[in-house]
Amino acid sequence: ETGVTQTPRHLVMGMTNKKSLKCEQHLGHNAMYWYKQSAKKPLELMFVYSLEERVENNSVPSRFSPECPNSSHLFLHLHTLQPEDSALYLCASSQGNQGPDTQYFGPGTRLTVL
Amino acid sequence: GDSVTQMEGPVTLSEEAFLTINCTYTATGYPSLFWYVQYPGEGLQLLLKATKADDKGSNKGFEATYRKETTSFHLEKGSVQVSDSAVYFCALSSQGAQKLVFGQGTRLTINP
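Residues numbered from 1 in each chain as written. Chains lettered and ligands numbered in written order. Predicted model: local features only at pLDDT ≥ 70, side-chain atom pairs only at ≥ 80, totals over all residues. Heavy atoms only, no water.

Describe the overall build of chain A, with residues and values.
Along the backbone of chain A there are zero helices and eleven strands. Order of helices (α) and strands (β) in chain A, N terminus to C terminus: β-β-β-β-β-β-β-β-β-β-β. Taken over C-alpha atoms, the radius of gyration comes to 13 Å for chain A, in line with the 13 Å a tight globule of 114 residues would show. With respect to the principal axes defined by its C-alpha atoms, chain A has extents near 40 × 30 × 30 Å. Looking at chain A as a whole, 45% of its 114 residues qualify as buried. In the structure as shown, chain A presents an accessible area of about 5,500 Å², 49% of it carried by carbon and sulfur atoms. (Helix = DSSP H or I, 4+ residues; strand = E, 2+ residues; numbered from the N terminus. Rg over C-alpha atoms; globule rule 2.2 N^0.38 Å. Buried < 20%, exposed > 50% of the residue type's maximum accessible area, 1.4 Å probe, protein only. Areas by Shrake-Rupley, 256 points an atom, 1.4 Å probe, with all protein chains shown as cover.)

Account for the sheet that holds strand β1 (residues 4-7) of chain A, naming residues and giving values.
All names here are of chain A. Spatially, four strands are ordered β1-β3-β8-β7 in an open sheet, and the strand pairing comes out antiparallel. Whereas interior strands pair on both sides, the edge strands pair on one side only; in this sheet they are β1 and β7 (64-70). This sheet shows a mean twist of 20 degrees between the axes of neighbouring strands, independent of strand direction. The sheet contact formed by strand β3 (residues 18-25) and strand β8 (residues 73-79) spans seven bridges and is antiparallel. Its bridge partner being in β8, K22 is matched across the sheet by F75. (Pairing = 2+ DSSP bridges. Axes fitted to C-alpha atoms, helices over the stretch in contact; angles between N-to-C directions.)

Tell me about the pattern of salt bridges, and name the residues and values.
Where charged atoms of side chains with opposite charge meet at close range, the side chains can pair. Using the criterion set out here, one finds five salt bridges over all chains in the structure. With a closest N to O distance of 2.7 Å, A:R63 and A:D85 form a salt bridge. Here the residue A:R63 occupies a position in the loop between β6 (53-57) and β7, and A:D85 occupies one in the loop between β8 and β9 (87-94), the gap between them amounting to 22 residues. Relative accessible area serves as the criterion here: at 2%, A:D85 is assigned to the buried category. Between B:K52 and B:D55 there is a salt bridge, and its shortest N-O distance comes to 3.4 Å. Here B:K52 falls in the exposed class, since its relative accessible area comes to 52%. On the basis of relative accessible area, B:D55 is assigned to the partly exposed category, the value being 21%. (Salt bridge = Lys/Arg side-chain N within 4 Å of Asp/Glu carboxyl O.)

Before we move on, could you go through the pairing of strand β7 (residues 56-59) of chain B and cite the residues and values that matter?
Residue and element names in this part refer to chain B. In terms of strand pairing, β7 meets strand β8 (residues 62-65) through four bridges, oriented antiparallel. The residue bridging N59 from the neighbouring strand is F62, located in β8. Hairpin geometry of β7 and β8 is characterised by an intervening segment of two residues between the two adjacent antiparallel strands and by a positive phi of about 55 degrees at K60.

Explain unusual backbone geometry residue by residue, including any values.
Of note, the amide linkage connecting A:T7 to A:P8 takes the cis form, showing an omega dihedral of -10 degrees. A cis amide bond links B:G9 with the next residue in sequence, B:P10, at an omega value of -5 degrees. Within the element layout of this structure, B:P10 appears in the loop between β1 (3-6) and β2 (11-14). Even without being glycine, B:T71 reaches a positive phi, approximately 45 degrees.

Have a look at this one:
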């Protein structure tokens, strides 16, 4: 068990829908991350939260909106998505140390945008 | 900027063969290095890591040695099994940084 859970595991949505992805970590970590994994492309870091504050946003379109209400939960709110946003969205968490910091991943949400 | 380059896949081997997946990196300072594995339909799992030069990470029969002189962190296993079939990612984390930089991944298939 990884200690990081994600729901739903699969999501199909139309371009006009609004949906949210949820991530929860049970490891007592202080940092959480959203990654996008598309076919034949390296993993792309989308957002980083440390102690519930966003510390990095890698030029992600505004149709993706993250929320971190506490150190255990992370959401990714989706609206007006495009078919090219179809991908596996991975959540991760880590201690948030300044030194070597190992990230632990959830199983991902497979998103299909029609 | 920091980057990681892995050997291109896919890699197909027979059971009990010797495995090497090459990984080289570019980074300032002294990064930490990681190998993650992704089994079909799952997220990434940490396989092993090394945090300083000459460290050797090992787990489940896999090994990788942090070589600063060649900026490499090659993954090896002496005898692979069908259950090792997965995608393997090399990654680095620079000092003081909270993000991982990943290679493009190498798909490994082991045939019985």
